[in-house]
Amino acid sequence: MCLAVPGRVLDIDERDGTRVATVDFGGVVKEVCLEYLPDLQVGEYAIVHVGFALQRLDEESALKTLALFTELGVLQEEFADPWEAAAGQDGPYADEEAGK
């Protein structure tokens, strides 16, 4: 699943002529491109999808959404390492690999 997730801008930098931000998604920190919201400032919230800040969001709405996503386990699913998740899943040979 790929969701648009609200996050708070922690800092802003420029890399190769592109504004990028470090964004906190309820404890998960990622780098985000700010090309669609060039006036976004540190401390503001934005909806982020596939690494791009798409829309500014008020703090109350952002925090409510993050709380709901956390309660539903969506943040873990969205930000989990796919290789780590795949390694933990039972596959057709899971019993053989486990020595069963």
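Note that this is a predicted model, so its numbers are computed, not measured.

J.: Would you explain the pairing of strand β2 (residues 18–25) in this entry?
T.: Here is the key point about a regular strand: its side chains alternate between the two faces of the sheet. Sheet analysis places strand β1 (residues 5–15) next to β2, joined by seven bridges and oriented antiparallel. Across the sheet, E14 pairs through a bridge with R19, a residue of β2. Taking the residues that link successive antiparallel strands as the turn, the β1-β2 hairpin has two residues, and the phi of D16 there is positive, at about 50°. Pairing geometry for β2 and strand β3 (residues 28–33), over six bridges, is antiparallel. Counterpart to V23 in the pairing with β3 is K30. As consecutive antiparallel partners, β2 and β3 are separated by two residues, and within that stretch G26 has a phi angle of approximately 65°, a positive value.

J.: How should I be thinking about the environment of A53 in this particular structure?
T.: Along the chain, A53 turns up in strand β5 (residues 52–57). Each residue touching A53, except ones within four places of it in the same chain, is listed here: V32, C33, L34, Y36, L37, L40, A46, I47 and V48.

J.: Looking at this structure, I do not really get the pattern of salt bridges. What am I missing?
T.: Proximity of charged atoms lets side chains of opposite charge pair with each other. Tallied over the full model, the rule gives five salt bridges. With a closest N to O distance of 2.7 Å, E31 and R15 form a salt bridge. Pair noted here: E31 is in strand β3 and R15 is in strand β1, with a separation of 16 residues, a long-range link. Of the charged contacts in the structure, one is a salt bridge between R56 and D39, with a shortest N-O distance of 3.2 Å.

Analysis parameters
Residues numbered from 1 in each chain as written. Predicted model: local features only at pLDDT ≥ 70, side-chain atom pairs only at ≥ 80, totals over all residues. Heavy atoms only, no water. Pairing = 2+ DSSP bridges. Helix = DSSP H or I, 4+ residues; strand = E, 2+ residues; numbered from the N terminus. Contact = heavy atoms within 4.5 Å. Salt bridge = Lys/Arg side-chain N within 4 Å of Asp/Glu carboxyl O.

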